[in-house]
Amino acid sequence: TVPLFSGLQTLLEDLAKEGVVLGALSNACGAYVRAVLATHGWAETFRTKLGADEVPEAKPAPGGLLKCCEFLALRPDHCVYVGDSPGDGKAAKAAGLYSVGVRWGGAAEEDLRCNFDDVVGSAEELR
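Source: prediction; values computed, not measured.

Below, the discussion takes up the packing of aromatic side chains. Each aromatic ring pair is specified by the distance between its two centres and by the angle formed by the two planes. In the structure shown here, the tally under the stated rule is 2 aromatic pairs. Taken together, a centroid distance of 5.5 Å and an interplanar angle of 35 degrees make the contact between F5 and W104 tilted. With F5 in the segment before α1 (8-17) and W104 in the loop between β4 (98-102) and α5 (109-115), this pair connects stretches of sequence that are 99 residues apart. Classification of F5 as partly exposed rests on a relative accessible area of 42%. A relative accessible area of 22% places W104 in the partly exposed class. Residues W42 and F46 carry aromatic rings whose centres are separated by 6.4 Å and whose planes lie at 80 degrees to one another, so their mutual orientation is edge-to-face.

Written out as structure tokens, the structure reads:
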């Protein structure tokens, strides 16, 4: 499985200590999402862990994010979605979530800026 990007382990630990509700949605399959989280010790901390095979439509459709919000009993406008592709930003916008694009994925920064509410270059900037 993939390693966490620099600074994410500490950020996630801090968010969990602060009581922030965490969830994951990926266009990969759900089993892969759960395997990655389990490998890094986050399986129990993330309260929802879904893949494209477990939601009505893959991103950029908003249904997966809305399903996560419903499962977590959170209003979409009370949530932040962090993603690394333009489709992530489009899905968040369509679902009514605030979105933050991260530059450490493969997307061009211009494409991120066009689709996310904010764009950051490091885990530290997500704080």
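That was the structure; now back to the text.
So, on to the sheet that holds strand β3 (residues 80-83). Two modes of strand pairing occur in sheets, parallel and antiparallel, and in both the strands are linked by backbone hydrogen bonds. With parallel pairing, 3 strands are arranged side by side in an open sheet as β3-β4-β5. In this open sheet, the two edge strands, each paired with only one partner strand, are β3 and β5 (118-120). Looking at each pair of strands side by side, their axes are set apart by 25 degrees on average, direction ignored. As paired elements, β4 and β5 share 3 bridges and run parallel to each other. Pairing of V100 across the sheet is with D118, part of β5.

Take helix α2 (residues 30-39) next. For α2, the set of buried residues is G30, V33, V36 and L37. Buried residues of α2 fall within an arc of 130 degrees about the axis and therefore sit on the same side. Where α2 ends, the next residue or the one after it, G41, has phi of about 80 degrees, a positive value.

If you trace the backbone, G96 turns up in the loop between α4 (86-95) and β4. A residue is classified by how much of its surface remains accessible, and G96, at 37% relative accessible area, is partly exposed. A C-alpha to C-alpha distance of 8.9 Å links G96 and R75, two positions 21 residues apart in sequence.

Within the span of α4, buried status applies to D88, G89, A91, A92 and A95. Along α4, the residues classed as buried sweep out an arc of 160 degrees about the axis, all on the same side. What points out from α4, more than 90 degrees from its buried face, is the exposed set K93 and A94. Residues of α4 that are buried make contact with α3 (63-72), β3, β4 and α5.

For soluble globular proteins, the rule of thumb is that nonpolar side chains tend to be buried together. In this structure, L25, L50, V55, L65, C68, C69, C79, Y81, A91, A92, A95 and L97 together form the largest nonpolar core, which totals 12 residues. Broken down by secondary-structure element, the contributors of at least two residues to this core are α3 and α4. Look past the residues within four positions of L50 in its chain and what remains in contact with it is A24, L25, S26, G30, V33, V55, K67 and C68. L12, L22, A24 and F46 belong to the second largest nonpolar core, which has 7 residues in total.

What counts, and at which threshold
- Residues numbered from 1 in each chain as written.
- Predicted model: local features only at pLDDT ≥ 70, side-chain atom pairs only at ≥ 80, totals over all residues.
- Heavy atoms only, no water.
- Phe/Tyr/Trp six-rings, centres within 6.5 Å; stacked < 30°, edge-to-face > 60°.
- Helix = DSSP H or I, 4+ residues; strand = E, 2+ residues; numbered from the N terminus.
- Buried < 20%, exposed > 50% of the residue type's maximum accessible area, 1.4 Å probe, protein only.
- Pairing = 2+ DSSP bridges.
- Axes fitted to C-alpha atoms, helices over the stretch in contact; angles between N-to-C directions.
- Arc of directions from axis to C-beta.
- Contact = heavy atoms within 4.5 Å.
- Core = buried A, V, L, I, M, F, W, Y, C linked by side-chain atoms within 4.5 Å.

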